[in-house]
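Spelled out, the chains give:
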Amino acid sequence: MSTTRTRQHSPDERPDRPDRPERPERPERPDAAGAFGWLRALGPRGRRAFGGYALDSYDFFTLPLSMVAVAAAFGLDKGQTGLLTTVTLVVSAVGGALAGVLADRVGRVRALMITVITYALFTVLCGFAPNYETLLVFRALQGLGFGGEWAVGAILVAEYASARHRGRTLGAVQSAWAAGWALAVIVYTLVFQFFDADLAWRILFWTGALPALLVFWVRRHVEDAPQAAAARVASPERGSLGAVFRPALLRTTLFAILLSTGVQGGYYTLATWVPTFLKTERGLTVVGTGGYLTLLISGAFLGYLTGGHLTDRIGRKRNIALFAVLSAAAVLAYTQIPAGANTLLLVLGFPLGFCMSAIFSGFGSFLAELYPTPVRGTGQGLTYNTGRAIGAVFPALVGFLSESWGVGGALVFGAVGYGIAVVALLGLPETRGKELG
């Protein structure tokens, strides 16, 4: 007697025959073609899960944009100032790992809400810090939520996206990071124009309460992908840190950490120190700095979208390798522009932002595809954020080196991170086209 497996349908589907045999590969929907086919292919539930990175980005950039004012308020040297970013990223490794485990145990959406509330709360508290030590503690605790939001949000969307479109879908999601960065620059420019610097940096942190409003919408409208949730709940290994270090996944985990370390070491070096570089070594005003960052961010936005399409066309590894090399070259060019050539600095901001962001477009899909469903949150949260924590050494090192090398000279060190990323790719498999259960 033959048996027929019953296909599990999501609530959005209306099957005519509930006992229709499951196909080995889900066909693309007819409306999944065209420039925005990836968005239609997500379905209504997937589209509701799309978002959140903009506010995560906004809260992160409140510090880099305020660093000069914060340093003046508390009498900090560049090493102490860089430590504020480093401690955020180091603690984010703990937050990311915990959020990943939580996402596998209680679900993606619940974990996402916890991370958003955490980073919003402690961003606001940073604005009330009476001294450097308190600010350092609050910024570290902000890292707990900041570390978890990216990994959990990426998994939530990845599990709704089709294999054909997953790269460009996650690339589009990642582009919201540039939108949040742009919003932070706009608010920074306005606040620092109308208030004295001693108060303005605190106001900028207080506006970090905005992401908390996202939680109410998420709770009401967003759900875990049904098929992935069923697979996660059925596994006894869900949320196990030990599982991602077992022989079958050990190599993947170690090289994924190395890849994350290199890419994020380079990225956060630039994200942290470029505003300071423009002010202290190029002599730009608040408005002038905002103008230069606008072109950098515009390049970043288009880089996310372009990288997302390329990662689906040429593969995850080739996309990351391509933009790692281009990012390293852009860093070297941007930081070595002669004094007085600020027009060239303005022009090169666009390709710098483009390359350093395009490399991230494939990250969400690549890390999600490296791990099975029951430990996907754990694996992605651990590898991405451990790499972020180790890569956090780069901004601190630049801060200390800048005392003797200058900020521009020390920023060259960020190019080393991109070299590490290329080496890490040698130990990882290509995952383009992989279905997620």
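Residues numbered from 1 in each chain as written. Predicted model: local features only at pLDDT ≥ 70, side-chain atom pairs only at ≥ 80, totals over all residues. Heavy atoms only, no water.

Engineer: I'd like a rundown of the overall build of the protein, residues and numbers included.
Structural biologist: Helix and strand counts for the protein stand at 19 helices and 0 strands. Of all 437 residues assigned to the protein, the portion counted as buried reaches 59%. Counted over contacts in the protein with a minimum sequence separation of 6, partners at least 24 positions apart contribute 84%. If you sum the accessible surface of the protein, you get close to 17300 Å²; carbon and sulfur atoms cover 65% of it. (Helix = DSSP H or I, 4+ residues; strand = E, 2+ residues; numbered from the N terminus. Buried < 20%, exposed > 50% of the residue type's maximum accessible area, 1.4 Å probe, protein only. Contact = heavy atoms within 4.5 Å. Areas by Shrake-Rupley, 256 points an atom, 1.4 Å probe, with all protein chains shown as cover.)

Engineer: Could you give an account of the packing of aromatic side chains, with specific residues and numbers?
Structural biologist: Enumeration according to the criterion identifies 16 aromatic pairs in this entry. Considering the side-chain rings of Phe-60 and Phe-61, the 5.1 Å spacing of their centres and the 85° angle between planes classify their relative orientation as edge-to-face. Since its relative accessible area comes to 1%, Phe-60 is described here as buried. Classification of Phe-61 as buried rests on a relative accessible area of 1%. By the ring-pair criterion, three or more aromatic residues cluster together here, those being Phe-60, Phe-61, Phe-146, Trp-177, Trp-181, Tyr-267, Phe-360, Phe-363 and Tyr-384. (Phe/Tyr/Trp six-rings, centres within 6.5 Å; stacked < 30°, edge-to-face > 60°.)

Engineer: Please provide a residue-by-residue account of the environment of Glu-403, values included.
Structural biologist: Following the sequence through the fold, Glu-403 ends up in helix H17 (residues 393–405). With sequence-adjacent residues up to four places away left out, Glu-403 is seen in contact with Asp-77, Lys-78 and Gly-79.

Engineer: Report on a nonpolar patch on the surface, specifying residues and quantitative values.
Structural biologist: On the surface, a nonpolar cluster with roughly 510 Å² of combined accessible area is contributed by Ile-186, Leu-190, Phe-194, Phe-195 and Leu-199. Sorting elements by how many residues they give to the nonpolar patch places helix H7 (residues 166–194) first, with 3 residues. As for its placement among the helices and strands, Phe-195 is situated in the loop between H7 and helix H8 (197–206). (Patch = residues over 30% accessible without salt bridge, like charges linked within 9 Å, V, L, I, M, F, W, Y side chains within 5 Å. Salt bridge = Lys/Arg side-chain N within 4 Å of Asp/Glu carboxyl O.)

Engineer: Could you give an account of the side chain of Thr-86, with specific residues and numbers?
Structural biologist: On the secondary structure map, Thr-86 appears in helix H4 (residues 78–106). In contact with Thr-86, not counting residues within four places along its chain, are Ala-392, Pro-395 and Ala-396.

Engineer: Account for the environment of Ala-73, with residues named and values stated.
Structural biologist: Looking at where Ala-73 falls in the secondary structure, it is placed in helix H3 (residues 53–74). Residue classification places Ala-73 among the partly exposed positions, given a relative accessible area of 34%. Considering only alpha carbons, one finds Ala-73 and Asp-198, 125 residues apart in sequence, at a separation of 6.3 Å. Not counting the four nearest positions on each side in its chain, Ala-73 is found in contact with Asp-198 and Trp-201.

Engineer: Would you mind going over the nonpolar core in detail, with residue names and values included?
Structural biologist: One finds Phe-61, Leu-259, Tyr-267, Phe-363 and Tyr-418 to be the most contacted residues of the largest nonpolar core, which totals 118 residues. Residue contributions to this core peak at 13 residues, all from helix H6 (residues 132–158). Residues within four places of Phe-363 in sequence aside, it is in contact with Trp-150, Leu-259, Ser-260, Val-263, Ile-320 and Tyr-384. (Core = buried A, V, L, I, M, F, W, Y, C linked by side-chain atoms within 4.5 Å.)

Engineer: Outline the packing of H4 against H17, supporting the account with residue identities and numerical values.
Structural biologist: Their axes nearest at 7 Å, the elements H4 and H17 cross at an angle of 175°. The angle between H4 and H17 places the two elements in the roughly antiparallel class. Along the contact surface, H4 presents Lys-78, Gly-79, Gly-82, Thr-85, Thr-86 and Leu-89, while H17 presents Pro-395, Ala-396, Gly-399, Phe-400, Ser-402 and Glu-403. Looking at side-chain class alone, the contact of H4 with H17 contains 4 nonpolar, 6 polar and 2 charged residues. (Axes fitted to C-alpha atoms, helices over the stretch in contact; angles between N-to-C directions. Parallel < 35°, antiparallel > 145°, perpendicular 65-115°, else oblique. Nonpolar A, V, L, I, M, F, W, Y, C, P; charged D, E, K, R; others polar.)

Engineer: Tell me what's going on with the pattern of salt bridges, and back it up with residues and numbers.
Structural biologist: All told, the structure shown has 7 salt bridges when counted by the stated rule. For Arg-166, the salt bridge goes to Glu-369, with nearest N and O atoms at 2.8 Å. Taken as a pair, Arg-166 in helix H7 and Glu-369 in helix H15 (residues 363–370) lie far apart in primary sequence, 203 residues in all. What makes Arg-166 buried here is its relative accessible area of 1%. Given the relative accessible area of 0%, Glu-369 is considered buried. For Arg-316, the salt bridge goes to Asp-312, with nearest N and O atoms at 2.9 Å. According to the relative accessible area criterion, Arg-316 is buried, its value standing at 0%. One salt-bridge network, in which partners are shared between bridges, spans Arg-166, Arg-168, Asp-312, Arg-316 and Glu-369.

Engineer: Residues and numbers for H7, please.
Structural biologist: Each α-helix winds once per 3.6 residues, and so residues spaced three or four apart point in a common direction. Its 29 residues place the ends of H7 43 Å apart at the C-alpha level, agreeing with the 42 Å of an ideal helix rising 1.5 Å per residue. The buried fraction of H7 is high, at 22 of 29 residues. (Expected span 1.5 Å × (residues − 1).)

Engineer: Run through H6, naming residues and quoting values.
Structural biologist: With 27 residues, H6 ought to run about 39 Å at 1.5 Å a step, and its terminal C-alpha atoms sit 39 Å apart, in line with that. Within H6, 22 of the 27 residues are buried, which leaves it mostly tucked inside the rest of the structure. For H6, the side-chain oxygen to backbone nitrogen distance between the N-cap and Glu-133 is 3.4 Å, and the N-cap itself is Asn-131. (Polar contact = N/O pair within 3.5 Å; in protein donor to acceptor, adjacent residues only side chain to side chain.)

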